[in-house]
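What the coordinates show
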Amino acid sequence: MLVRIVSLLIGYAFGLFQTSYIYGRKNGIDIREHGSGNAGTTNALRTLGKKAGAVTLLGDCLKCALAILAVYLLFGRSHPQLVRLLELYAGAGCILGHNFPFYLHFKGGKGIAASVGLVAAFDWRLFLICAVVFFTAFFLSHYVSLGSLLGYFFFAVGVIVSGQIGRYDVDPGVLHEMYILALLLMALAFWRHRQNIVRLIRGNENKIYLGKH
Ligand code: G3P
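Everything in this summary refers to the structure shown in the same document. From a predicted model like this one, the values you see are computed outputs, not experimental measurements.

**Concerning a nonpolar patch on the surface**
Taken together, the side chains of Ile129, Phe153, Phe154, Val157, Val161, Ile165 and Phe190 define a hydrophobic patch exposed on the protein surface, amounting to about 600 Å² of accessible area. A total of four residues in the nonpolar patch trace back to one element, the largest contributor, which is helix 8 (residues 144-164). For Phe154, the location among the structural elements is in helix 8. Since its relative accessible area comes to 36%, Phe154 is described here as partly exposed.

Structure representation (C-alpha cells):
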C-alpha cells in the first residue's frame, strides 16, 4: 500500500506545476478568471493565443510523463509486478495535483493535457488510438471537450481490453486495480467536464478553430 501512496504523492507533486497559470501570471493575468476559467491548454489557447496553448500542452504533458518516469525509475526494480500499476498511480496523482492544486485553493484544470502525458508514457499504442479519436472528433466538431471525453473513454476501455488480452503481464488482482484506476480517471474527467457536457447537449459549447476563421 505504501508504494501506491508514495507514487500518488510523487504524481501529485509533479501535477502542481500549473503551466497555464504560470504563463498567465507572466502575462499579467490569472487564467482562471478568463475564458472558461479552466487552467488548461484549451483556455490558454483561447485566452492567450497559440503559443500559450502549445506551451501549456507541452508543459502539462511533460509533467505527467516525468512523474511516471520517476516512479518507474524508483520502483521498477524493487516492484516489477506492480510497476505498471504504480505508473497509473503516478499519473492519477499528477492529474489530481493538476486539477486540485492546494496552493491555488484547489482550483486548477481538467487534467486532459496531463492525461495525454499519462497515456503517452504508459502505453504508446493506446496513445495513438486516443489521439486518432481525439483529432477525428475535434476536427469534425471543433469541440475540444468532445474530443477529450471520447479520447478518455477509449483510454479506459483500451486499458481493460489490453489487460484482457494479456498485454500488461501482471497478476489478476493488479490488473483489476488498473481497470478501476482507469475507470476512476475517466469518471473524474467526465465530472470535471460536467459544464462542458451540459453545453454540448444544449449545442452551445465553445468551439475552437485552429486556422483563420
Ligand atoms: O482541456 C480541457 C478541454 O477539454 C475543455 O476546456 O476550457 O473549453 O472548458 P474548456
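Anyway, onward from the coordinates.
**Focus on the site of the ligand**
Every residue near the ligand is listed here: Ser36, Asn38, Thr42, Asn43, Arg46, Lys110, Ile112, Val144, Ser145, Ser148, His193 and Asn196. Side-chain polar atom of His193 to an oxygen atom of the ligand: 2.7 Å apart, as the coordinates give it. For the ligand, the protein covers 96% of the area, taking 310 Å² as the surface of the free molecule. Every element with two or more residues in the shell around the ligand is listed here: helix 3 (41-48) and helix 8.

**Looking at the pattern of salt bridges**
Taken as a whole and assessed by the stated rule, the structure comprises seven salt bridges. A salt bridge links Arg84 to Glu87, with the nearest nitrogen and oxygen atoms 2.8 Å apart. Taken as a pair, Arg84 and Glu87 lie in helix 5 (residues 83-99) at a separation of three residues, close to a single helical turn. Salt-bridge contacts for Asp123 lead to Arg167; the nearest nitrogen and oxygen are separated by 3.2 Å. Here Arg167 lies in the loop between helix 8 and helix 9 (172-192) and Asp123 lies in the loop between helix 6 (112-122) and helix 7 (124-141), a separation of 44 residues in the sequence. Connected via shared salt-bridge partners are Arg25, Asp30 and Arg32.

**Section: the environment of Tyr12**
Inspection of the secondary structure assignment puts Tyr12 in helix 1 (residues 2-15). Each C-alpha atom of the pair Tyr12 and Ile95 lies 7.2 Å from the other, and the pair is 83 residues apart in sequence. In this view, Tyr12 contacts Gly93, Cys94, Leu96, Gly97, Phe100, Pro101, Phe102 and Phe106; residues no more than four positions away in its chain are not counted. From its side chain, Tyr12 meets the backbone oxygen of Phe100 in a polar contact 2.6 Å long.

**Focus: the state of the cysteines**
Applying the stated criterion across every chain, the model contains zero disulfides. Cys64 supplies the cysteine sulfur nearest to Cys61, a cysteine that is in no disulfide, at a spacing of 8.5 Å. No disulfide involves Cys94; its sulfur sits 3.8 Å from the nearest other cysteine sulfur, which is in Cys64. Its relative accessible area of 0% is what places Cys94 among the buried residues.

Cut-off values and rules
Residues numbered from 1 in each chain as written. Predicted model: local features only at pLDDT ≥ 70, side-chain atom pairs only at ≥ 80, totals over all residues. Heavy atoms only, no water. Patch = residues over 30% accessible without salt bridge, like charges linked within 9 Å, V, L, I, M, F, W, Y side chains within 5 Å. Areas by Shrake-Rupley, 256 points an atom, 1.4 Å probe, with all protein chains shown as cover. Salt bridge = Lys/Arg side-chain N within 4 Å of Asp/Glu carboxyl O. Helix = DSSP H or I, 4+ residues; strand = E, 2+ residues; numbered from the N terminus. Buried < 20%, exposed > 50% of the residue type's maximum accessible area, 1.4 Å probe, protein only. Near = heavy atom within 4 Å. Polar contact = N/O pair within 3.5 Å; in protein donor to acceptor, adjacent residues only side chain to side chain. Contact = heavy atoms within 4.5 Å. Disulfide = S-S within 2.5 Å.

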